[in-house]
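Chain residues, written in single-letter form:
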Amino acid sequence: MDSNSKVVVVGAGPVGLITALGLARAGVEVVVLERESGLVASPRAIVYYGGVLGGLERLGLLDDTLKAGVRSTTVQFLVHRTGERIRFDHDVLEGRVPYPYNVNLGQDRMAEIALRHLLRLPGTEVRFGTTVTGLEQDADGVTVIGDANGVPLRLRAGWVVGADGASSRVRELLGLDFEGTTWPERFVATNVRFPYDRYGFADANMVIDPQYGAVIAKIDDSGLWRCTYSEDAALPVETVHERIPEYFAATLPGDRRYELVRYSPYKMHQRAASAFRSGRVVLAGDAAHVTNPTGGLGLTSGLFDSFVLSEALAAVVRGETDAEVLDRYAHDRRRAFQEYASPVASALKHLVFNCADENVLEEALAGLRRATTDPQLRAGRLMISQPLQTPSLLIPAG
C-alpha cells in the first residue's frame, strides 16, 4: 500500500485507539505511536454517556464495554453539609433515546478493549516506547520523526492524527497555542475499595461542598470505586499520598476502612488549541481540548471527535471526498467544546467544588429538586452529552 495512504495516530489512549479502530474498520492502514511503554493505567475519565454508546456499538466495542463496566441508571447529588440527596433516575429516558443509561468504566480499561479490537484487523500496528520529535509536511504527506526505544524513526504517512493528550507534542510541533485557563485547584483521582453503596450512594454521585466536594462512581462489580476530589494546587504534589487519608477520614461514612488501589493527581484546565487542523495533521481529544472532568465531558468530547474524524478521514484517504471536510471537522468540534463542553463543565465544577454562597447554592439545588418531579426537565439534564455530538460530515445537510 502507498505510504501516503497510511495514517499515523500519535497517542494510545482511548481517543487515539478508537480513532485508529474507526480508520482500520474502513480499510485504512494505520500505525499508532505511543511514548509510554504500555497503556497508561492511572485513574482518569470514567463515564460513557448514552450518547457515545451508539458510536461504540458501531465499532464493535459496546458488548465488551458493558461486560467490563457498570451500567449506571441513577445520578445522585449529595449535599455534604446537610445530607440531602437528590436522585435523577434514567427511567425517564426509556423510549426517548437508544441507550437510556450510562456506563462507568476506567479509561484504561476502555483503552485495553479498543487495543484488542484494533490488533485483530489487518493493516494495523501499535508501537509503544516511541516518542515523536518532528513532523515534516509536504503536498503529499507527512514524515514523522522520532525515537523508537532508542532507535531513530522516520515514518511516512498521508495523514497524522495527534491524540497524545493535554501535553501534546504534536500540537507543540505544529506551533499551535493552547488557549484558555488553568484552575487554581488540583484534582486527585483515587481508585478505592469501599462499600459506598451500603451507605446510600448511587452508581454515580456528585458530592456538593466547597471543602469536601467530590465525584464518586462505581467502576466495576468487585467493589472498586472512583473518588475524585480537589485540593489547593499550591500544596506539594509530591506529598499528595500523605493527604489522601485525611480526606477519607473526614468524608467516609461508617467505619471508614478503605483500600487505596491507585491514585493520580493532575491539574485542571479549560483550554483549546488555536486550530484543530494544520495541513495534513489533525488533533483530537485532549490534544485538541481539555476541560475539568466534572460531569464527564472531557473523554465524551474526545470520543465524539473520534467518531466523526475517523469516518471523515477514511473517506479522504480513499479519495471519496475532499480534504475540506477536515476543516469542517476542526471548526465544528472546536465550537462544540468552546460553546458547550467547557462552559457546562465549568458550571458543574463550581457547583460541586466551589459553591460557598448559600443563596446561589439554594437556587441551584431548587433547580435540581424541580427536575426530580418534572420528567421533561430531568430528561434534559440527563442527556447532557447530546449537544456535544457532531453529525456525520459525509451526509449533506438537509
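What comes next is a walk through the structure. (Residues numbered from 1 in each chain as written. Predicted model: local features only at pLDDT ≥ 70, side-chain atom pairs only at ≥ 80, totals over all residues. Heavy atoms only, no water.)

### Examining the overall build of the chain
In step 1: A count of helical and extended segments in the chain gives 10 helices and 20 strands.
In step 2: A compact globule built from 398 residues would reach a C-alpha radius of gyration of about 21 Å, and the chain, at 21 Å, matches this within 12%.
In step 3: Summarising its shape, the C-alpha atoms of the chain cover approximately 65 × 50 × 35 Å along the three principal directions.
In step 4: Within the span of the chain, comprising 398 residues, buried residues form 54% of the whole.
In step 5: Contacts spanning at least 24 positions in sequence make up 73% of the contacts within the chain whose residues lie at least 6 apart.
In step 6: Entry remark: accessible area of the chain is about 16,700 Å², with carbon and sulfur atoms responsible for 49%.
In step 7: One finds the centroid of the 42 positive side-chain charges in the chain at a distance of 2 Å from the centroid of its 49 negative side-chain charges. (Helix = DSSP H or I, 4+ residues; strand = E, 2+ residues; numbered from the N terminus. Rg over C-alpha atoms; globule rule 2.2 N^0.38 Å. Buried < 20%, exposed > 50% of the residue type's maximum accessible area, 1.4 Å probe, protein only. Contact = heavy atoms within 4.5 Å. Areas by Shrake-Rupley, 256 points an atom, 1.4 Å probe, with all protein chains shown as cover. Lys, Arg positive; Asp, Glu negative; His and termini not counted. Charge placed at Lys NZ, Arg CZ, Asp CG, Glu CD.)

### Thoughts on the packing of helix H1 (residues 14-25) against helix H7 (residues 297-317)
When two helices pack together, you describe them by how their axes are tilted relative to each other and by the distance separating the axes.
In step 1: Put simply, H1 and H7 touch, their axes get as near as 8 Å, and they point 25° apart. On the basis of the axis angle, H1 is roughly parallel to H7. Between H1 and H7 lies a crossing whose hand is right-handed. Note on element contacts: H7 touches H1 through Leu299, Gly302, Leu303, Ser306, Phe307, Leu309, Ser310, Leu313 and Ala314, opposite Pro14, Val15, Ile18, Thr19, Gly22 and Leu23.
In step 2: Of the residues belonging to the contact of H1 with H7, the class tally is 10 nonpolar, five polar and no charged. (Axes fitted to C-alpha atoms, helices over the stretch in contact; angles between N-to-C directions. Parallel < 35°, antiparallel > 145°, perpendicular 65-115°, else oblique. Left-handed = near helix turned anticlockwise from the far one by under 90°. Nonpolar A, V, L, I, M, F, W, Y, C, P; charged D, E, K, R; others polar.)

### With respect to the pairing of strand E17 (residues 259-273)
It is a general feature of regular strands that their side chains alternate between the two faces of the sheet.
In step 1: Where strand E13 (residues 178-193) lies against E17, 13 bridges are found, and the strand directions are antiparallel. Bridged to Gly180 within E17 is Arg271.
In step 2: Direction of pairing for E17 relative to strand E20 (residues 289-290): antiparallel, over a ladder of two bridges. Paired with Ala272 across the strands is His289, a residue of E20. (Pairing = 2+ DSSP bridges.)

### Some remarks on the packing of aromatic side chains
Working definition: an aromatic ring pair is given by the centre-to-centre distance plus the angle between the planes.
In step 1: Overall, the coordinates contain 13 aromatic pairs when judged by the stated rule.
In step 2: Seen in terms of ring centroids, Tyr196 and Trp225 are 5.2 Å apart; in terms of plane orientation they differ by 50°. Their pairing is tilted. Of the two residues, Tyr196 sits in the loop between E13 and strand E14 (204-208) while Trp225 sits in strand E16 (residues 224-232), which places them 29 residues apart along the sequence.
In step 3: For Tyr196, a relative accessible area of 2% gives the class buried.
In step 4: Aromatic ring contacts, followed pair by pair, group Phe194, Tyr196, Tyr199, Phe201 and Trp225 into a single cluster.
In step 5: When the ring centre of Phe201 is taken as origin, the NZ or CZ atom of Arg85, which lies over that ring, is 5.6 Å away.
In step 6: Positioned over the ring face of Trp159 is Arg280, at 4.8 Å from the centre of the ring. (Phe/Tyr/Trp six-rings, centres within 6.5 Å; stacked < 30°, edge-to-face > 60°. Lys NZ or Arg CZ within 6 Å of the ring centre and 35° of its normal.)

### Side note on the nonpolar core
Generally speaking, nonpolar side chains in soluble globular proteins are found buried as a group.
In step 1: With 115 residues, the main nonpolar core has Val8, Ile18, Tyr48, Leu53, Leu118 and Leu326 as its most contacted residues.
In step 2: Among the elements that line this core, the one with the most residues is helix H8 (residues 324-354), at 13 residues.
In step 3: Excluding its chain neighbours within four sequence positions, the residues that come into contact with Leu326 are Trp159, Arg277, Val282, Leu309, Ala312, Leu313 and Val316.
In step 4: Of all hydrophobic cores here, the second largest spans 17 residues; its members include Val188, Phe194, Ile216 and Phe248. (Core = buried A, V, L, I, M, F, W, Y, C linked by side-chain atoms within 4.5 Å.)

### Examining the sheet that holds strand E9 (residues 130-137)
In step 1: One open sheet accounts for three strands, arranged E9-E10-E11; its pairing is antiparallel. The sheet terminates laterally at E9 and strand E11 (151-157), the two strands that pair on one side only. Pairwise comparison of adjacent strand axes, ignoring direction, gives a mean angle of 25° for this sheet.
In step 2: Sheet analysis places E9 next to strand E10 (residues 142-148), joined by seven bridges and oriented antiparallel. Counterpart to Glu136 in the pairing with E10 is Thr143.

### Considerations on the pairing of strand E5 (residues 74-79)
In step 1: The buried fraction of E5 is high, at six of six residues.
In step 2: Burial along E5 is two-sided: Thr74, Gln76 and Leu78 facing one way and Val75, Phe77 and Val79 facing the other are all buried.
In step 3: Of the strand pairs in this sheet, E5 and strand E6 (residues 85-89) are connected by five bridges, and their pairing is antiparallel. When the sheet's bridge partners are listed, Gln76 is paired in E6 with Arg87.
In step 4: Between E5 and E6, which pair antiparallel one after the other, the connecting turn spans five residues, and Gly83 there sits at a positive phi close to 85°.
In step 5: With five bridges connecting them, E5 and E14 associate as parallel partners. Counterpart to Leu78 in the pairing with E14 is Val207.

### Focus on helix H6 (residues 240-251)
In step 1: Taking 1.5 Å per residue, 12 residues should reach 16 Å; H6 reaches 17 Å between its end C-alpha atoms and fits that length.
In step 2: Of the residues making up H6, those classed as buried are Val240, Arg243, Ile244, Tyr247 and Phe248. One side of H6 carries all its buried residues, which in axial view fall inside an arc of 145°. (Expected span 1.5 Å × (residues − 1). Arc of directions from axis to C-beta.)

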